[in-house]
Each structure stands twice: as C-alpha cells, then as structure tokens.
Amino acid sequence: MEFKHESNRIYMDNEQGRTIAEVTFPEVKDGVVDINHTFVDESLRGQGIAGKLMKEAAEQLRKENKKVILTCPYAIGWFDKNKEYDDILEKK
C-alpha cells in the first residue's frame, strides 16, 4: 500500500484510478496548513488507513517545518491520541 503525495494532499487510488483514501491540508497562511479532510473508502475501513494517512501527513509537515491547524474531526481525534506530534500544532 503506497500513498501518493501532491501539494497539500496525500492519497491512494485503486486500480481504476479512483481515489480510495486521502487527507487534504491546504495552506491557510505562510507556513501553516489546515488538515481539513480525511476520507477512507468503505472497502478499506477498519484497516487503520486513516491513521496511516494522518501519520504520513504529520511526518511530511514536520519535515517541511510547517505548523498545523485542525478542522477535520478525525484529525482532531488523531492528534489528541498522538501527542508526539504536538510540536507541529499551531499555537493560538
């Protein structure tokens, strides 16, 4: 299972080219992105794909020295459980 990376998006397509998992994080101001959407197709649910997407995004954003705000409910819950990524959260 391999994720594809685009600017402000990490995703996975099936053999037919349809997106079956993704996380999006548009830039909201210089150096700050908003994780605003996480999607996993029903065919993949229960396999931990959303968590893997979130970790991939967090690692990428850390490497890019970007800060994160969270408006996606899944992302909010994931960051609550994964405190080792608190360093990339934008402080209010």
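The structure this text deals with has already been given above.
Everything in this summary refers to the structure shown in the same document. (Residues numbered from 1 in each chain as written. Predicted model: local features only at pLDDT ≥ 70, side-chain atom pairs only at ≥ 80, totals over all residues. Heavy atoms only, no water.)

**Some remarks on the pattern of salt bridges**
Argument step 1. According to the stated counting rule, one finds seven salt bridges in the structure shown.
Argument step 2. Arginine 18 is the partner of aspartate 41 in a salt bridge, and the nearest nitrogen-oxygen pair spans 3.2 Å. With aspartate 41 in the loop between β6 (37-40) and α1 (49-63) and arginine 18 in the loop between β2 (9-13) and β3 (19-24), this pair connects stretches of sequence that are 23 residues apart.
Argument step 3. Judged by its relative accessible area of 44%, arginine 18 falls in the partly exposed class.
Argument step 4. Between arginine 62 and aspartate 87 there is a salt bridge, with its nearest N and O atoms 2.6 Å apart. (Salt bridge = Lys/Arg side-chain N within 4 Å of Asp/Glu carboxyl O. Helix = DSSP H or I, 4+ residues; strand = E, 2+ residues; numbered from the N terminus. Buried < 20%, exposed > 50% of the residue type's maximum accessible area, 1.4 Å probe, protein only.)

**Observations regarding the pairing of β2**
Argument step 1. Counting buried positions over the five residues of β2 gives four, a clear majority of the element.
Argument step 2. As judged from the three bridges shared by strand β1 (residues 4-6) and β2, these two strands associate in the antiparallel manner. Residue pairing across strands places glutamate 6 opposite arginine 9, the latter belonging to β2.
Argument step 3. With antiparallel pairing between neighbouring strands as the criterion, β2 and β3 make up a hairpin whose turn holds five residues, including glycine 17 at a positive phi of roughly 85 degrees. (Pairing = 2+ DSSP bridges.)

**Describing the packing of α1 against helix α2 (residues 73-81)**
Argument step 1. Close contact between α1 and α2 brings their axes to 11 Å; oriented N to C, the two are set at 75 degrees. If you check the angle between α1 and α2, you find them roughly perpendicular. On the side of α1, the interface is formed by Ala50, Gly51, Met54, Lys55 and Ala58, while α2 contributes Tyr74, Ala75, Trp78 and Phe79.
Argument step 2. Here the residues of the contact of α1 with α2 sort into seven nonpolar, one polar and one charged. (Axes fitted to C-alpha atoms, helices over the stretch in contact; angles between N-to-C directions. Parallel < 35°, antiparallel > 145°, perpendicular 65-115°, else oblique. Contact = heavy atoms within 4.5 Å. Nonpolar A, V, L, I, M, F, W, Y, C, P; charged D, E, K, R; others polar.)

**Quick word on α2**
Argument step 1. All of the buried residues in α2 are Ala75, Trp78 and Phe79. The buried residues of α2 all sit within an arc of 95 degrees when viewed along its axis, so they share a single face. Across from the buried face of α2, at angles greater than 90 degrees, the exposed residues are Pro73 and Lys81.
Argument step 2. Structurally, α2 contributes buried residues whose contacts are with β5 (32-35), α1 and β7 (67-70). (Arc of directions from axis to C-beta.)

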